[in-house]
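What follows is the residue order along each chain.
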Amino acid sequence: QVQLVESGGGLVQAGGSLRLSCAASGGTFKMFAMAWFRQDPGKEREIVAAISWRDGNTYYKDSVKGRFTISRVSAKNTVYLQMNSLKPEDTAVYYCAATFLSSWPPRTRYEFGYWGQGTQVTVSS
């Protein structure tokens, strides 16, 4: 079983930056991809960015391109989401996710079987 532990959320003013971290443990050597999702109350959980564990290919939601960067350190089984130029509409609970089997790029929550507990990101205007 894969366990995912997130950290790094918080409150920031618009235009500011945050970095989220997600440490994976347990059976990670065959992971296909990891991703960050976010969810507002009453809305669908949406993918923000994904990274291929094997070759580092990345995918971004259009609204975060140029502002967010997903990266991984394979030796640490850790994935990061660097978020710059944050906007109030980026406010959500952010979840780390992992999948062992998917197409590329993965786009929906249903392609991911392992989830972190979520971390709140709040961007004030």
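Treat the numbers as computed from the prediction; the structure is a model and nothing was measured.

What counts, and where the lines are drawn
Residues numbered from 1 in each chain as written. Predicted model: local features only at pLDDT ≥ 70, side-chain atom pairs only at ≥ 80, totals over all residues. Heavy atoms only, no water. Pairing = 2+ DSSP bridges. Helix = DSSP H or I, 4+ residues; strand = E, 2+ residues; numbered from the N terminus. Disulfide = S-S within 2.5 Å. Phe/Tyr/Trp six-rings, centres within 6.5 Å; stacked < 30°, edge-to-face > 60°. Buried < 20%, exposed > 50% of the residue type's maximum accessible area, 1.4 Å probe, protein only. Axes fitted to C-alpha atoms, helices over the stretch in contact; angles between N-to-C directions.

**Student:** Please clarify how the pairing of strand β7 (residues 68-73) should be interpreted in this entry.
**Tutor:** Successive residues of a regular strand alternate their side chains across the two faces of the sheet. One ladder, built from six bridges, connects β7 with strand β8 (residues 78-83); its direction is antiparallel. Within β8, the position partnered with threonine 69 by the bridge is glutamine 82. The antiparallel hairpin formed by β7 and β8 contains four residues in its connecting segment, where asparagine 77 sits at a positive phi of about 50°.

**Student:** Teacher, can you tell me more about the state of the cysteines here?
**Tutor:** Tallied over the full model, the rule gives one disulfide. The disulfide partner of cysteine 22 is cysteine 96, and the S-S distance across this bridge is 2.0 Å. One disulfide, between cysteine 22 and cysteine 96, carries an S-S torsion of -80° and so falls in the left-handed class. Here the residue cysteine 22 occupies a position in strand β3 (residues 18-25), and cysteine 96 occupies one in strand β9 (residues 92-99), the gap between them amounting to 74 residues.

**Student:** Explain the packing of aromatic side chains here, please?
**Tutor:** To describe a pair of aromatic rings, you give the distance between the ring centres and the angle between the ring planes. This model, assessed by the stated rule, comprises six aromatic pairs. Measuring from centroid to centroid gives 6.5 Å for phenylalanine 32 and tryptophan 104, while their planes differ by 65°, and the two rings are edge-to-face. Of this pair, phenylalanine 32 sits in the loop between β3 and β4 (33-39) while tryptophan 104 sits in the loop between β9 and β10 (114-115), and the two are 72 residues apart along the sequence. Look at phenylalanine 100 and tyrosine 114: their rings are 5.6 Å apart centre to centre, the planes differ by 70°, and that puts the pair in the edge-to-face class. Of this pair, phenylalanine 100 sits in the loop between β9 and β10 while tyrosine 114 sits in strand β10; the two residues are 14 residues apart in sequence, bridging distant segments of the chain. Judged by relative accessible area, tyrosine 114 falls into the partly exposed class, the value being 23%.

**Student:** I keep staring at the sheet that holds β3 and nothing clicks. Help me out?
**Tutor:** Think of a sheet as strands paired side by side through backbone hydrogen bonds, with each pair either parallel or antiparallel. In spatial order, the strands read β1-β3-β8-β7; together these four strands make up an open sheet with antiparallel pairing. Because the sheet does not close on itself, it has two edges, and the strands there are β1 (3-7) and β7. Between one strand and the next, the sheet's axes are offset by a mean angle of 15°, whatever the strand orientation.

**Student:** Help me understand unusual backbone geometry, please; the structure alone is not making it clear to me.
**Tutor:** What is expected of a backbone is that most residues other than glycine have negative phi and most peptide bonds are trans. Following tryptophan 104, the chain continues into proline 105 via a peptide bond in cis, with omega recorded as -5°. With a phi angle near 50°, asparagine 77 is a residue other than glycine that sits in the positive phi range. Take asparagine 77: it is sitting in the loop between β7 and β8. For asparagine 77, a relative accessible area of 22% puts it in the partly exposed group. Phi is positive for serine 85, which is not a glycine, with a value near 50°. Turning to its location among the elements, serine 85 is positioned in the loop between β8 and β9. Judged by its relative accessible area of 40%, serine 85 falls in the partly exposed class.

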